Amino acid sequence: MKRIKSKEPYYMLAPSFLLLCIFLLYPLLSSFLYAFQSYKLTAPNAIGFNGINNFKAVFQDSNFGLILKNSFIWVVLTVGGQFILGFILALALRRPFPGRNFYQAIVFLPWAISSFVVGLTFRWLLNAEYGPVNDLLLRLGIIKDKIYFLSDPELALYTVIVTMTWYGIPFFAIMLLAAMQSIPEDLYEAADIDGAGIWSKFWHITFSYIKQTIILTLLLRTIWVFASADLIYIMTAGGPANSSSILSSYMFMKAYSSLDYGQASAIGLFFMALLILFCYLFMKATKFEKAGNF
Amino acid sequence: MIRTQRAFFITVRICILMFYLLMVLLPFYWLFITSVKPRMDILTTNIQYWPKNFTLDNYRVLWSSSNFDVFLKNSILVSLGTGVFTTCFAILGGYALARYTFKLKTMAVYGLLLTQMIPGVLVMIPTAILFSKVGLMNSLGGLIIIYIVGNIPFCLILMRSFFDRIPVDLEEAALIDGCSKLGALFRIVLPIMLPGIVATFVFAFIGAWNELLCAIMFISSDELKTIPVGLSMFVQNYDVNWGVMTAGAVMALLPSLIMFAIVQRFVVEGLSDGAVKG
Amino acid sequence: MLKKITMGILASLMLVISACSSSNSNGEDKGSNNEKVEISFLDVTPSPDRTKYFNEIIAAFEQENPDIKVKLETVPWDQAFNKLTMQGASKTLPDVMNMYPAWLNTFVPAGYLEPLTANYDAWPDKAKLTSFVSNITMDEQQRKLYKDIYYMPDALMSGALFVRKDWFEEAKLPLPKTWEEIFAASEKLTDPSKNRYGWAYRGARAGFDQILAYITSVTGGETYEKDGKSVLYRPEALEAFVKFTDIYKKGWAPKDSINWGYQEMVQGFTSGVTGILNQTTEVIAAAKSSMADDSWTVIPWPKGADGKRYIGAGASWGYSVSAESEHKEASWKFIAFLSTPENNLKYANAMTMIPIFKSEGGAAVDGPMQGFIDTLDDPDSYLVANLGNFPELGEFREGFMDAEVQKYLLNKQTAEQTLKNLGDFLTNAQQKYMKDNPDAGVPQVTKPQMR
């Protein structure tokens, strides 16, 4: 089945890569050049190469350490939370139960809503003065003092993480569920005959069968979450005092507010370098290549 | 022993399902009741958990004074276009990656992963320059291209992992039975793959349905705007028209809800009557 | 076979793409056949009311000029700046657009805007402008800084205080006239047990502007010394900074408000959490639609310790023509039509802003607006200097200034250090700007005049 010298795979991949090259690679290469130039839109006559000055400016920022730390917390907790909760949901949905179709349609809804609506709504829900969450908790007697979800520097980042987790659970659940659906049923039947317990069935069949999907979704989701700043921008604007800024939100806000595309591109490249490093480590750790995916 | 264990697991499962339902429903409940409140009742310190003065005015305003029907049409067009083409490309490319070994394969996969690391804001302006040269600025076609480009890498990799799970023997058996290679793909493999294909389609569709930034950046004419842009119009610099915006958000959810309801039949049942068993 | 499928899919994609793009190019073709000019007009702060107004005005304009067609485009305010930048870089700006005056220091050097000086100088309605518009908006804020006129103001906005009349009556307090009275009232109106706070504090998204408004009332409206040093180094600025931020630190504002931006401070006021709101005239519409009429009112900007009012006022937006527009003449015609005294008055009334023309025979503007005009006309009123025109201003405003103040509000940094950091940033940028533009000087306090 596997042929080595065939042009067929190239024809099959051609349409995708054609589009990617024209509309992604070409723009990327132009911004690659910007990174080594002084390229400010406000000074169109002073555009020229300036070596690595743009990169220097990035690293000299005094908030850099805090923001790297925040990015780390943000990625680990968000992706971890989305994955674990999504996995549990997918497991709970695997076997039919009355009304499952309807139930499923509802629990996947967060996925089907625009992130800015999510951000605005949660910002309102969690507002300490006129938001319903605090009001409810106070009325039910669960808390005595208001919780300042978005204005307490110790809490703000975690509040956005919870929101982002809420938003991302359906993605994992759907992907994992679809993968679980393609597990041949006779594997379970055979395991039942062997008298395997629930945990053993979970580990040896469910988990190992969908491992590929898990690794893949984890990898991609990490990249996306690392780069996504819209909820942070909408809910806290990185505040208070940068306590909820992550690399993507802070750096781009800074560079774009001064319309310095040279610096923005330098940040973008630094950003990609970090992600490439992460992917390399992740693949090593999960033995992605050995699993036959490459 | 087994019976109590089973009962225990069923209870746990019900609790888990209830927990997710509540967690999801509460924010949506809030969106919904906001959409049926008059403006004076929406932002008050005396929070109304049940609308005191029920009204459908927000929906009326949404349909009469904004171009919501146009936004809806555009969103459906763009999302369907994105979904269909992305899925087609992903099936082709995913099959190539799963079933063949070829020289540039590793590079191709790394290339796909790499595209996911490109910060969108970085390529926005070069893309705009390119688009304005080829006349794709301010057109739904251009938007579809952007969304396809944005969704292809993931969908392709995803599709490949679905193909990987289909035993090669199935195809080989079909080939022996006299099917052509493509015949085997269309008649045997794709039907089994239906859950994966549907998941891929839904993914691309929803991605296009919700996207806001590119839709704002690349579309200017009001008659070409999509729903997220339409909704963001109710957020002014100092004032959010919560009533109408939430009404729009609720309306925008309906197509997805219907799609989810239809589609999961495939996701859920796709395999049960498939060829794997037989 | 496989090749055919691949080609087939690609071909159908091309077909769909071109089908989806055609509606756009068709319109242009038709236009050129009938010798009809089509210009696009972008509104950067759309709302249903504005869209309704502009559609009516466009219909009237097209009736008067049958050979010109105007296409209204909109972009949500949050993304407006980014979108215009992108359109400028890709040379796809609309013919006419709403310009936020603060954007000029980016767009003029980038060469995106067409000078309107010749058109403005020959404009017949010029003489009817209020002296505020012709002296300050046109000359001080444009011609002096950029050597040309780049926008025609749509209307003026000015700051004022929105107050909860019923709360003041309940507390038997007179409506405040000076800053001292405001601080006192903020404290007295605060009652956390009733979830009531005196002041609608804004800690994020350009919240420092609100602090600066008070600081400039003790610096005589100035923002820089002659040599470009920031006034934030002055001891009285430090005192004012501490006094103002005490509103937050002493709990006369909601604790949550450290994270509040424009939307929350207005929502905080309209939802009944806060009693005093420092905002511009355009908020009147929002207050009207979500609050009972007799519960609130607008009072003039408070006087400082020296008995003078230091106010911020200026064009809310302006109409600009893009440099690469192919229909500059038609674009100016449209702007001139938007700016006739009748249309401008209609616009100003609909948006609750101040018209740009002298009122003829009085009673031309709606009630609360006249109060703003009178404030601007008050002999004791002065227009505060701005923060400058250097390109780093965007970076300062977008993230830096609020993060620094927030550090102080959270007790992570002293007031001295905060003002030093802010002052250093401004001083460096302003002095560099003055070095590059030797005849620019520092921003000046001006005397507004409406009549």
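Residues numbered from 1 in each chain as written. Chains lettered and ligands numbered in written order. Predicted model: local features only at pLDDT ≥ 70, side-chain atom pairs only at ≥ 80, totals over all residues. Heavy atoms only, no water.

Focus on the overall build of chain A
At step 1: Within chain A one finds 14 helices and two strands.
At step 2: Expressed along its principal axes, the backbone C-alpha trace of chain A runs to roughly 75 × 70 × 30 Å.
At step 3: When the 294 residues of chain A are sorted by exposure, 61% land in the buried category.
At step 4: Intrachain contacts of chain A at a sequence separation of at least 6 include 67% that bridge at least 24 residues.
At step 5: Between the averaged position of the 21 positive side-chain charges in chain A and that of its 15 negative side-chain charges there is a distance of 8 Å. (Helix = DSSP H or I, 4+ residues; strand = E, 2+ residues; numbered from the N terminus. Buried < 20%, exposed > 50% of the residue type's maximum accessible area, 1.4 Å probe, protein only. Contact = heavy atoms within 4.5 Å. Lys, Arg positive; Asp, Glu negative; His and termini not counted. Charge placed at Lys NZ, Arg CZ, Asp CG, Glu CD.)

Regarding the domain arrangement of chain C
Frequently, the measure chosen for interface size is the accessible area removed from exposure when the parts meet.
Residues and elements named next belong to chain C.
At step 1: Splitting chain C by domain gives domain 1 (33-156 + 315-371) and domain 2 (159-309 + 382-436).
At step 2: Domain 1 and domain 2 are separated by 29 Å when their C-alpha centres are compared.
At step 3: If you look at the interface, domain 1 gives 12 residues, while domain 2 gives eight residues.
At step 4: Between domain 1 and domain 2 the total buried area reaches about 870 Å² when both faces are included, carbon and sulfur atoms providing 59% of it.
At step 5: Summed over the shared surface of domain 1 and domain 2, the result is zero salt bridges.
At step 6: Put simply, the parts of the chain that give the side of domain 1 that touches domain 2 at least two residues each are helix H6 (131-146) and helix H15 (367-377).
At step 7: With four residues, H6 is the largest single contributor of residues to the side of domain 1 that touches domain 2.
At step 8: Of the residues in the side of domain 1 that touches domain 2, the class split is 10 nonpolar, two polar and no charged. (Domains from an automatic or database assignment. Buried area = accessible area lost by both parts, 1.4 Å probe. Salt bridge = Lys/Arg side-chain N within 4 Å of Asp/Glu carboxyl O. Nonpolar A, V, L, I, M, F, W, Y, C, P; charged D, E, K, R; others polar.)

So, unusual backbone geometry
At step 1: The residue Asn242 of chain A is not glycine, and still its phi comes out positive at about 65°.
At step 2: With respect to the helices and strands, Asn242 of chain A occurs in the loop between helix H11 (230-235) and helix H12 (247-257).
At step 3: Note on Asn242 of chain A: relative accessible area 8%, which makes it buried.
At step 4: With a phi angle near 70°, Lys147 of chain C is a residue other than glycine that sits in the positive phi range.
At step 5: For Lys147 of chain C, the location among the structural elements is in the loop between H6 and strand S4 (152-153).
At step 6: A relative accessible area of 65% means that Lys147 of chain C is categorised as exposed.

Looking at the packing of aromatic side chains
At step 1: One pass over the full model with this rule turns up 82 aromatic pairs over all chains.
At step 2: Ring centres 5.6 Å apart and planes at 75° place the aromatic pair Phe83 of chain A and Phe172 of chain A in the edge-to-face group. One end of the pair, Phe83 of chain A, is in helix H3 (residues 64-94); the other, Phe172 of chain A, is in helix H7 (residues 156-181), and 89 residues separate them in sequence. Phe172 of chain A carries the same exposure label as Phe83 of chain A, and that label is buried.
At step 3: For Arg221 of chain A, the ring lying beneath its charged end belongs to Phe171 of chain A, and the centroid distance is 4.5 Å.
At step 4: Over the ring of Trp317 of chain C we find Arg50 of chain C; its NZ or CZ atom is 5.5 Å from the centre of that ring. (Phe/Tyr/Trp six-rings, centres within 6.5 Å; stacked < 30°, edge-to-face > 60°. Lys NZ or Arg CZ within 6 Å of the ring centre and 35° of its normal.)

Observations regarding the pattern of salt bridges
At step 1: Throughout the structure, instances matching the rule amount to 32 salt bridges over all chains.
At step 2: One salt bridge connects Asp135 of chain A with Arg139 of chain A, and the closest N-O pair in it is separated by 3.1 Å. Remark: Arg139 of chain A and Asp135 of chain A occur in helix H6 (residues 132-139); sequence separation between them is four residues, near one turn of the helix.
At step 3: Glu392 of chain C is paired through a salt bridge with Lys432 of chain C; the nearest N and O atoms lie 3.2 Å apart. One end of the pair, Glu392 of chain C, is in the loop between strand S12 (381-383) and helix H16 (393-409); the other, Lys432 of chain C, is in helix H17 (residues 415-436), and 40 residues separate them in sequence.
At step 4: Each of the salt bridges in this network shares a partner with another, and the network as a whole consists of Asp121, Lys126, Asp139 and Arg143 of chain C.

Digging into the UniProt feature "domain: ABC transmembrane type-1" (unreviewed entry) in chain A
At step 1: What UniProt calls "domain: ABC transmembrane type-1" (unreviewed entry) maps, in this numbering, to residues 68-282 of chain A.
At step 2: Overall, residues 68-282 of chain A shows 73% helix and 0% strand. The separation of its end C-alpha atoms is 19 Å. (UniProt positions renumbered as here; feature names shortened; annotations may be inferred.)

Section: the pairing of strand S2 (residues 68-74) of chain C
Here is the key point about a regular strand: its side chains alternate between the two faces of the sheet.
Residues and elements named next belong to chain C.
At step 1: Of all seven residues in S2, six are buried; the element is thus mostly enclosed.
At step 2: Here seven bridges tie strand S1 (residues 37-43) to S2, and the two strands are oriented parallel to one another. The residue bridging Val37 from the neighbouring strand is Ile68, located in S2. (Pairing = 2+ DSSP bridges.)

Description of the UniProt feature "transmembrane region" (unreviewed entry) in chain A
All names here are of chain A.
At step 1: Those places that UniProt annotates as "transmembrane region" (unreviewed entry) correspond, in this numbering, to residues 12-36, 72-93, 105-126, 155-178, 218-241 and 261-283.
At step 2: When the span residues 72-93 is considered, its composition is 100% helix and 0% strand, and the gap between its end C-alpha atoms is 31 Å.
At step 3: Along residues 218-241 one finds 67% helix and 0% strand; the C-alpha atoms at either end are 31 Å apart.

Considering the side chain of Asp222 of chain B
At step 1: For Asp222 of chain B, the position within the fold is in the loop between helix H10 (213-218) and helix H11 (227-232).
At step 2: Taking the relative accessible area as the measure of exposure, Asp222 of chain B reaches 14% and is therefore buried.
At step 3: Asp222 of chain B has contacts with Asn67 and Phe71 of chain B together with Leu72, Glu73 and Thr74 of chain C, leaving out every residue within four places of it along the chain.

Let's talk about the packing of H12 of chain A against helix H13 (residues 261-286) of chain A
Residue and element names in this part refer to chain A.
At step 1: Contact geometry of H12 with H13 gives a least axis separation of 8 Å together with a crossing angle of 165°. In terms of their interaxial angle, H12 and H13 are classed as roughly antiparallel. In this structure, H12 crosses over H13, and the sense of that crossing is right-handed. Contacts between H12 and H13 involve Leu247, Ser248, Met251, Phe252, Lys254, Ala255 and Tyr256 on the former and, on the latter, Tyr261, Gln263, Ala264, Ile267, Gly268, Phe270, Phe271 and Leu274.
At step 2: For the contact of H12 with H13, a count of residues per class yields 11 nonpolar, three polar and one charged. (Axes fitted to C-alpha atoms, helices over the stretch in contact; angles between N-to-C directions. Parallel < 35°, antiparallel > 145°, perpendicular 65-115°, else oblique. Left-handed = near helix turned anticlockwise from the far one by under 90°.)

Remarks on the packing of helix H2 (residues 48-64) of chain C against helix H13 (residues 328-338) of chain C
Residue and element names in this part refer to chain C.
At step 1: Here H2 crosses H13 at 120°, and the two axes come no closer than 11 Å. The angle between the axes of H2 and H13 places the two elements in the oblique class. Seen along the crossing, H2 lies across H13 with a hand that is right-handed. Two secondary-structure elements touch here, H2 through Phe54, Ile57, Ile58, Ala60, Phe61 and Glu64 and H13 through Ala330, Lys333, Phe334, Phe337 and Leu338.

Overview of the sheet that holds strand S11 (residues 318-321) of chain C
Residues and elements named next belong to chain C.
At step 1: If you trace the five strands from one edge of the open sheet to the other, you get S2-S1-S3-S11-S4, paired in mixed fashion. With partners counted over all chains shown, the strands left at the sheet margins are S2 and S4, one partner each.
At step 2: The pairing of strand S3 (residues 96-99) with S11 spans four bridges and is antiparallel. By the bridge assignment for S11, Asn98 is matched with Tyr319.

Here's the deal with the interface of chain C and chain A
At step 1: Between chain C and chain A, the residue contacts involve 36 residues of the former and 37 residues of the latter.
At step 2: When chain C packs against chain A, close to 3200 Å² is buried across both sides, 60% of that on carbon and sulfur atoms.
At step 3: Scanning the region where chain C abuts chain A turns up one salt bridge.
At step 4: Between Arg123 of chain A and Glu264 of chain C there is a salt bridge, with the nearest N and O atoms lying 2.6 Å from each other.
At step 5: Counting across the interface, chain C meets chain A through 12 residue pairs in polar contact (both at pLDDT 80 or more).
At step 6: Counting only elements with at least two residues in the side of chain C that touches chain A, the list comes to helix H1 (2-33), helix H3 (77-89), helix H4 (104-110), helix H11 (262-270) and H16 of chain C.
At step 7: For the side of chain C that touches chain A, the element with the highest residue contribution is H16 of chain C, accounting for six residues. (Polar contact = N/O pair within 3.5 Å; in protein donor to acceptor, adjacent residues only side chain to side chain.)

Concerning empty space enclosed by the protein
Leftover empty space is mapped by rolling, across the atoms, a probe with the size of a water molecule.
At step 1: Here the structure, examined in full by the defined rule, presents 12 cavities of 30 Å³ or more.
At step 2: A volume near 130 Å³ is recorded for the largest cavity.
At step 3: In this structure, the largest cavity is lined by 14 residues; those nearest its centre are Arg39, Leu43, Asp239 and Val240 of chain B together with Ser290 of chain C.
At step 4: Tallied by class, the residues present in the lining of the largest cavity amount to seven nonpolar, five polar and two charged. (1 Å grid on protein atoms, 1.4 Å probe; cavity = no way out; pocket = protein on both sides within 12 Å on 5 of 7 lines; lining within 4 Å. Points joined across faces, edges and corners; volume = space filled by probe spheres on them.)

Quick notes on the interface of chain A and chain B
At step 1: Contacts between chain A and chain B engage 98 residues on the former and 102 residues on the latter.
At step 2: Interface of chain A and chain B: buried area, both sides summed, is about 9400 Å²; carbon and sulfur atoms make up 77% of it.
At step 3: On inspection of chain A and its partner chain B, the count reaches zero salt bridges.
At step 4: Take the side of chain A that touches chain B: its biggest share by element is 19 residues, from helix H1 (residues 8-34) of chain A.
At step 5: When its residues are assigned to classes, the side of chain A that touches chain B shows 71 nonpolar, 17 polar and 10 charged.

So, the confidence of the model for chain C
At step 1: Of all residues in chain C, 95% have pLDDT values of 70 or greater, and the mean over the chain is 89.
At step 2: Low pLDDT (under 50) marks residues 24-32 of chain C, which in the prediction has three contacts with non-local residues, meaning those over four places away or in another chain. (pLDDT = per-residue confidence, 0-100.)

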